[in-house]
Amino acid sequence: MRSVRALAAMAALSLLSLSTVAAAGEAKQGGILRMYHRDSPGNASIHEGATYSINVPFMPVFNNLVIYKQDEPQNSMTNIVPELAESWAWVNDGKTLTFKLRQGVKWHDGKPFTSADVKCTFDMLMGKSQQKFRQNPRKSWYNEVNDITVNGDSEVSFNLKRPQPSLLALLASGYTPVYPCHVSPGDMRTHPIGTGPFKFVEFKANESIKLTRNTDYWRKGRPYLDGIEFTIITNRSTAILAFVAGKFDMTFPTEVSIPLLKDVKSQDPSAVCVVEPNNVATNIIVNSTAAPFDNADIRKAMALALDRKAFVDILFEGQADIGGTMEPAPAGLWAMPKDMLESIPGYGPDVKANREEARKLMQKAGYGPDKHLAVKVSTRNIPVYRDPAVILIDQLKSIYIDGELDVVETANWFPKVARKDYMLGLNLTGNAVDDPDQSFYENYSCGSERNYTNYCNKDIEKLFDVQSQETDIAKRKKLVWDIDKKLQEDVARPIIFHARTGTCWKPYVKGVTVMSNSSYNGYRYEDVWMDK
Amino acid sequence: MFAYLVRRLFLMLVTLFGISVVIFFLLRIVPGNIVDILFAAAGYVDPADKASLEKELGIDQPLIVQYWHWISGFLRGDFGYSYVSEKPALQEILPRIPITARLAGLALLFSASIGIPLGVISAVKQGSRLDYALRVVSLSGLSLPSFWLGLLILTASVAMFGQMPIFNPNPQTWLEAFATYAVPAAVVGFRSSALTMRITRSSMLEVLRQDYIRTARAKGASDAAVNYHHALKNAILPVITVIGIEAAFLIGGLIVTETVFNIPGVARFLVEAIRWRDYPIVQNLVMFIAVVVVFANFTVDMLYAVFDPRIRYTD
C-alpha cells in the first residue's frame, strides 16, 4: 500500500513538474529586449557592410529568400528554411535555382513585396542596376550568377553559368536580405525598410538603435517581443558591468571574452552564458613578393615555428580550436580529420621537433644564432589583433627571427596591405557562411579583392571550381580537405587558431540561439521572448 | 576700455581663423580618410568605388577648395553633412552640446565649490594634521586618472548596491537628472578640484603673510573676515586663471568620462568623429569648442577687473 502511495505521489509530482515545464516553455508576448552594442555601426545597410555590428541590430528588420533555421546552432544545407520564398527547386541540371515567393507580404511602409524586389536587390549586388551601393563587399558571391529572371510577381529564378549548390547557403546568410526596389540605397543606410519581424525606429550614432514590433508581420504570432533597444557602449568594462547590474537583458552576441565570462559568472551567477566558435580565424598574411619571405624555406620555417596550443592556452584559457582554413569540427562542417591536419608541417604535436626542423631551414637560408632575421610584424591596433601578434613575435624568436610589432590604425590597415607595405601581418578572417566556396574564392582565388597576399595557384583554383560544382557532399568534403591541406602546406595564409567567444543573457530571456559556425546569421530574434 | 575690447575681439577673430586653418590641415595630414575607413571596415578596396565615393563626398577636390567650401559654409551657418550618418552636422552636434555643457558646468562647480574652501582651510591650518590630510587628498586627485576612478566607482556601485550610475537619457524628475550627471561630474571635477585647492592654498599662504592682513588682525577683525574678506579676495586671481584654463582642459577629461559612463555628449562624439575622419563633424565641433574657449578666456580677463580694482583696461 505504501509503495502504491509513493508511486502515486511520484506520478503527481511528475505531472506537476511537467506542467511547470510546459508553463515555463510557453512563449509570452511583450517586453523590450535591452542589449548593448559594442560600437556604432557606420550605417544601417547590411549589403554595404562587412561587420556583424550591422547584422546584429538590423537583421531583425529584414527577411531573406531563405534563412538558416534560427533555433539551430549549426548552419548547414539541411537546416535552410524558406522565408520570403515558400519553396525552391534546382532545375536545368543545377544551373537554375527557382523560388516561389510568399504572397501577401508587405514592406514596413505598406507597399507589397514582389519578385521585382528580389530582382532589384540581386541586380544591384551584381552591379547590373542603375542604382549602386556605395560599397558592395560581397559582389563576388554572385560571380556564377548570369542573371535573375522573374515570372510574374511570385516567381524568381537565379540563372547560373555553371552549377553551384552552395549558392543556396550564401542566400541563407544574414548578409543576404531582400531590399525594397522603391527605397534608394542612400535611404537604406539611414532608415532601412524591410519585411522583417521588427521595424526600424531610430538610429542615433554612438547612442542607440531602436526597433519596434512589426504588427503586420507575415508570420502570425511573431515576433514575441514588443521591440529591441540597443545602447551603444564602446567601453567593454562599462558594458559588462551594466549587464551585471541589470541594465541589459543580454550582452552583445559573441563579444564576451573567456576571462570576462568568468567575471560575469562570478558577479551574476544566474546569467546564462554560452561559449561557441564564431568561424573567425586568426592567421598570418605573408608578403611573399619581397625578401625575406619570397624564400619558400623561410615561409616554411615560420609555419613550423608556430605553437598553436600556446596561443589557445594564453588567449582563450584552452577554449579555442586549431584547424585549417575551414572551421574545425564539430561546429565546422568541412574541417579536415585530425590525423590529416596533424600531417601538415607545423601542426604536429611535437613543437620541439618542428622548431628544430625550422632552425635547419633558417640556417639553410643563411640565418642562425649569430645572424638573426629582423622583421616587422604589422597588425591592426585592436586587442584581438595585437595580442596574438605579440605571442607570434615571441615564438618567432625560437627560429632566429627578431620580430618588431608594427601597430597600424584601422584606417591605414587595408591601404597598407594593398600596397604590400608589410613583411608579416597578423590578420583575422571572419567567414559569413561555413561553406568552402565563400572561404576559398574570397580569400585564396587569384585576383580576389580579399586575397590580401595575392596567393595565386591556378591548379588549386581549378580544384575550387571542381568542389564548388560537386553535389555529393561526401565527395565534396574530400576535395575540400585536400585543398585546405594544400593551402596550409603552401603557407598561403597560415591559420593560427579559430576563436571561441561567449554570449550571456538573463535567465528570463528565452529562445536565444547562438550559432556555432558563423557569427553573421542568427539575429532575426523573432523567436526570442521574455519570461517576465 | 572700448578700444581694448575692439582689439581683443579682433585678436579673437584672428585666433579663430588660425584654429580653423590648423584643424583643417591637421585632419588632412592624419593618414586615411572616411573612404579608407569604410573600405577597411568592409575588408576590401575597390579603386573605382573608392574614387566614386571620394567624388561624392568632395574629398577629391584640392585642399584650398575644400577649405573654402567649409569655411564659407561655416560663416553662412551651413555646417554640411556628417559623412557617417549622412545627417546635417548641426543636427548631430546640437543635441549633444547641452549634455556636455551640463556635465562640464557641474564638474566646474564641483571643482570650485570643493577646491576653494578646502584650499583656504588648508592654508589657514597650515602644518596641521588636517592640512596634511587635505594635501594627500589633493595629490590623489591629481594622480588618479579619471577613467580609472570612473571604472572604480562603477565597479563599486555594482558590487555594493547592484546598481550602476550610467547615463539615463530620459530622467523623469529633477533629482534623477541631477543623479545622471552628479557622479561623472564628480569624477571629472575631482582632479580639477585638487588643482584648484592647491593653487588656492599657495595663493592664500602668500597673501596671509602680507602686512595688511596683520593690520586687519591687529584691528580686531574676526578670522572669517580676515580669511574670506581680505585674504581670499586678493588670493582668488590665480585661482580664476586656473579655473579658466581648466574649463578649456575639461574637454579632455570629459572624453574619457563620457566613454566610461556612456554619456552621449560632444566629447565622446568628437573622438568617434576623429576615428571615422568625419571632417564636417570634427571641424565644426572643434571650431565650436575653440569659440567657447576663446570667449572663456576673454571672460576670465574681464573678471580680473571685477575682482581686482587695481586692474583697469586702458585704451
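Up top is the structure these notes are about.
Now for a quick tour of the structure. (Residues numbered from 1 in each chain as written. Chains lettered and ligands numbered in written order. Predicted model: local features only at pLDDT ≥ 70, side-chain atom pairs only at ≥ 80, totals over all residues. Heavy atoms only, no water.)

**Some points on the overall build of chain A**
Rules: Helical segments are the DSSP runs of H or I of at least four residues, strand segments are the runs of E of at least two, and each set is numbered from the N terminus. Any two residues having at least one pair of non-hydrogen atoms within 4.5 Å are treated as being in contact. Exposure was quantified through the Shrake-Rupley algorithm and a 1.4 Å probe, taking into account, for residues, occlusion by the shown protein chains and nothing else.
Within chain A, the secondary structure is distributed over 16 helices and 17 strands. Referenced to the eigenvectors of the C-alpha coordinate spread, the extents of chain A come out at roughly 75 × 70 × 50 Å. A sequence separation of at least 24 residues applies to 71% of the contacts in chain A between residues at least 6 apart. When the accessible surface of chain A is totalled, it reaches about 20500 Å², and 52% of it is carbon and sulfur.

**Description of the pattern of salt bridges**
Selection criterion: Only one rule defines a salt bridge in this text: a Lys or Arg side-chain nitrogen within 4 Å of an Asp or Glu carboxyl oxygen. Partly exposed describes any residue whose relative accessible area lies between the buried limit of under 20% and the exposed limit of over 50%, with all areas from a 1.4 Å probe on protein chains only and scaled to the type maximum.
For the structure shown, the criterion picks out 43 salt bridges over all chains. Linking glutamate 86 of chain B and arginine 134 of chain A is a salt bridge whose minimum nitrogen-to-oxygen distance equals 3.8 Å. Placement of the pair is glutamate 86 of chain B in the loop between helix 4 (63-76) and helix 5 (89-93) and arginine 134 of chain A in the loop between helix 3 (115-125) and strand 6 (145-150), with the two residues belonging to separate chains. Overall, the relative accessible area of 22% leaves glutamate 86 of chain B in the partly exposed class. Residue classification places arginine 134 of chain A among the buried positions, given a relative accessible area of 10%. Here glutamate 92 of chain B and arginine 96 of chain B are joined by a salt bridge, their closest N and O atoms 3.2 Å apart. With relative accessibility at 6%, the residue glutamate 92 of chain B sits in the buried group. The exposure class assigned to arginine 96 of chain B is buried, which follows from its relative accessible area of 4%. One connected set of salt bridges, linked through shared partners, spans Glu48, Arg134 and Arg189 of chain A together with Glu56 and Glu86 of chain B.

**Examining the nonpolar core**
To keep it simple, the criterion reads: Only buried Ala, Val, Leu, Ile, Met, Phe, Trp, Tyr and Cys residues count toward a nonpolar core, and they belong to the same one when joined by side-chain atoms within 4.5 Å.
Phe99 and Phe158 of chain A are the most contacted members of the largest nonpolar core, which totals 153 residues. Looking at this core element by element, the count peaks at eleven residues for helix 13 (residues 279-307) of chain B. Here phenylalanine 158 of chain A is in contact with Leu65, Lys95, Thr96, Leu97, Phe99, Val118, Phe122, Val145, Asp147, Ile148, Leu167 and Leu171 of chain A, once residues within four sequence places are set aside. Membership of the second largest hydrophobic core comes to 36 residues, among which are Leu396, Ile399, Val491 and Phe497 of chain A.

**Observations concerning the interface of chain A and chain B**
Size of an interface, as often reported, equals the accessible area lost when the parts are brought together. So the rule is basically this: When two components associate, each loses some accessible surface as probed by a 1.4 Å sphere; the sum of these losses over both components is called the buried area. Whenever a nitrogen or oxygen atom comes within 3.5 Å of another N or O atom, the pair is scored as a polar contact, on the condition that within protein one atom can donate a hydrogen and the other can accept it, and that pairs from neighbouring residues in sequence are kept only if both atoms are in side chains.
Every contact between the two is made by 35 residues of chain A and, on the other side, 41 residues of chain B. When chain A packs against chain B, the two sides together hide about 3400 Å² of surface, and 54% of this comes from carbon and sulfur. Contact with chain B buries area across many residues of chain A, yet Arg134, Gln135 and Asn206 of chain A alone supply 21% of it, more than any other trio. Summed over the shared surface of chain A and chain B, the number is four salt bridges. With a shortest N-O distance of 3.8 Å, glutamate 56 of chain B and arginine 134 of chain A are connected by a salt bridge. Inspection of the chain A/chain B interface yields eight residue pairs in polar contact (both at pLDDT 80 or more).

**Quick word on the packing of helix 8 (residues 146-161) of chain B against helix 11 (residues 223-260) of chain B**
Residues and elements named next belong to chain B. Formally: Axes, fitted as lines to C-alpha atoms, cover a helix only where it is in contact. Angles between the N-to-C directions of the axes lie from 0 to 180 degrees. When describing relative orientation, an angle under 35 degrees is termed roughly parallel and one over 145 degrees roughly antiparallel, while 65 to 115 degrees is termed roughly perpendicular and anything else oblique. Left-handed describes a crossing whose near helix is turned anticlockwise from the far helix by less than a right angle; the clockwise case is right-handed. For this classification, Asp, Glu, Lys and Arg are treated as charged, while Ala, Val, Leu, Ile, Met, Phe, Trp, Tyr, Cys and Pro are nonpolar and the rest, including Gly, are polar.
Put simply, helix 8 and helix 11 touch, their axes get as near as 9 Å, and they point 25° apart. By the criterion of interaxial angle, the relationship of helix 8 to helix 11 is roughly parallel. Remark: the crossing between helix 8 and helix 11 carries right-handed chirality. The segment helix 8 lies against helix 11, with Ser146, Phe147, Gly150, Leu151 and Leu154 engaging Gly253, Val256, Thr257 and Val260. Tallied by class, the residues present in the contact of helix 8 with helix 11 amount to five nonpolar, four polar and no charged.

**Structural notes on the state of the cysteines**
Residue and element names in this part refer to chain A. Going by this rule: Criterion for a disulfide: a pair of cysteine sulfur atoms within 2.5 Å.
Here the structure, examined in full by the defined rule, presents three disulfides over all chains. Covalent S-S linkage joins cysteine 446 and cysteine 456, the inter-sulfur distance amounting to 2.0 Å. Disulfide cysteine 446-cysteine 456: torsion about the S-S bond near 95°, hence right-handed. Here cysteine 446, found in the loop between helix 14 (436-444) and helix 15 (458-469), pairs with cysteine 456, found in the loop between helix 14 and helix 15; they are ten residues apart in sequence, far enough to count as distant. The connectivity of the disulfide-linked cysteines in chain A, indexed sequentially, is 1-2, 3-6, 4-5.

**Re the packing of aromatic side chains**
Residues and elements named next belong to chain B. Using the following cut-off: For Phe, Tyr and Trp, where Trp contributes only its six-membered ring, two rings pair if their centres lie within 6.5 Å, and the inter-plane angle classes them as stacked under 30 degrees, edge-to-face over 60, or tilted in between.
Inspection of the entire model under this criterion finds 32 aromatic pairs over all chains. An angle of 75° between the planes, with centres 6.1 Å apart, marks the rings of phenylalanine 167 and tyrosine 181 as edge-to-face. With phenylalanine 167 in the loop between helix 8 and helix 9 (174-208) and tyrosine 181 in helix 9, this pair connects stretches of sequence that are 14 residues apart. Both residues of the pair, phenylalanine 167 and tyrosine 181, count as buried.

Function cannot be read off these values alone, since they describe shape.
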